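Geometric and topological summary
Now for the letters of each chain:
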Amino acid sequence: EGQQSPEQWQRMYGCCSGNEVYHIRLCDSKFFGEYNGKSFTYASFHAHKKYGVCLIGIKREDNKSILLNPGPHHIMAATDTCYYINITKEENSAFIFNQEERKGRTAGGFYDGPSQLPVHSIIASMG
C-alpha cells in the first residue's frame, strides 16, 4: 500500500502499516530461541538485525505483568513469553530455518571472536 506514491513518507507508512503485535514462548521460537540466557537488549537488537522483528517486551511465567523494554538487566529465560512487532506471526513467516546452517555455525555466531564484531553489535551486547 502506498508503494507507488511519490511521497517517501507514504511509501514508508504503506510498508509498515500492516505490522501487528504477536507473542510466542522463547523456547518455542525460531526468532528468539537462540537468545536464551542473553540480555533483553541483546536479543532485541540481534533479532531485529537478523529477522527484522521488533522485540518489545516479555512476560515471565510466574508474573502476570508484561514488561515492556525491561532493559539490559533482564536475562531471557526459555519460559519467557516474547512480545514482538512484525508483519506476520512467526508461524506464518517466510523465513526458512535451515538446521544444517545452524549446525555449521560456531557458538559465537557469524564472527570468529569479539575483536571481529562490528561496533553496533558490541554496543548492544554491553546493553
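Residues numbered from 1 in each chain as written. Predicted model: local features only at pLDDT ≥ 70, side-chain atom pairs only at ≥ 80, totals over all residues. Heavy atoms only, no water.

As for the overall build of the protein chain
A count of helical and extended segments in the protein chain gives four helices and four strands. For the protein chain, the α and β elements follow one another from N to C terminus as α-β-α-β-β-β-α-α. For the protein chain, buried positions account for 28% of its 127 residues. Sequence-distant contacts, at least 24 apart, represent 63% of the contacts inside the protein chain between residues at least 6 apart. Total accessible area computed for the protein chain in this model is approximately 8400 Å², and 54% of it derives from carbon and sulfur atoms. (Helix = DSSP H or I, 4+ residues; strand = E, 2+ residues; numbered from the N terminus. Buried < 20%, exposed > 50% of the residue type's maximum accessible area, 1.4 Å probe, protein only. Contact = heavy atoms within 4.5 Å. Areas by Shrake-Rupley, 256 points an atom, 1.4 Å probe, with all protein chains shown as cover.)

Things to note about the state of the cysteines
Each disulfide is one covalent bond, formed between the sulfur atoms of two cysteines. Across all of its chains, the model carries zero disulfides by this definition. Note on Cys27: no disulfide assigned, nearest cysteine sulfur contributed by Cys82 at a separation of 9.3 Å. Residue classification places Cys27 among the partly exposed residues on the basis of a relative accessible area of 46%. (Disulfide = S-S within 2.5 Å.)

What about the sheet that holds strand β1 (residues 20-25)?
With respect to topology, four strands assemble into an open sheet ordered β1-β4-β2-β3, the strand pairing being antiparallel. Whereas interior strands pair on both sides, the edge strands pair on one side only; in this sheet they are β1 and β3 (67-68). Where strand β2 (residues 54-59) lies against β3, two bridges are found, and the strand directions are antiparallel. The residue bridging Ile58 from the neighbouring strand is Leu67, located in β3. (Pairing = 2+ DSSP bridges.)

Bear in mind that shape data such as this cannot, by itself, settle questions of function.
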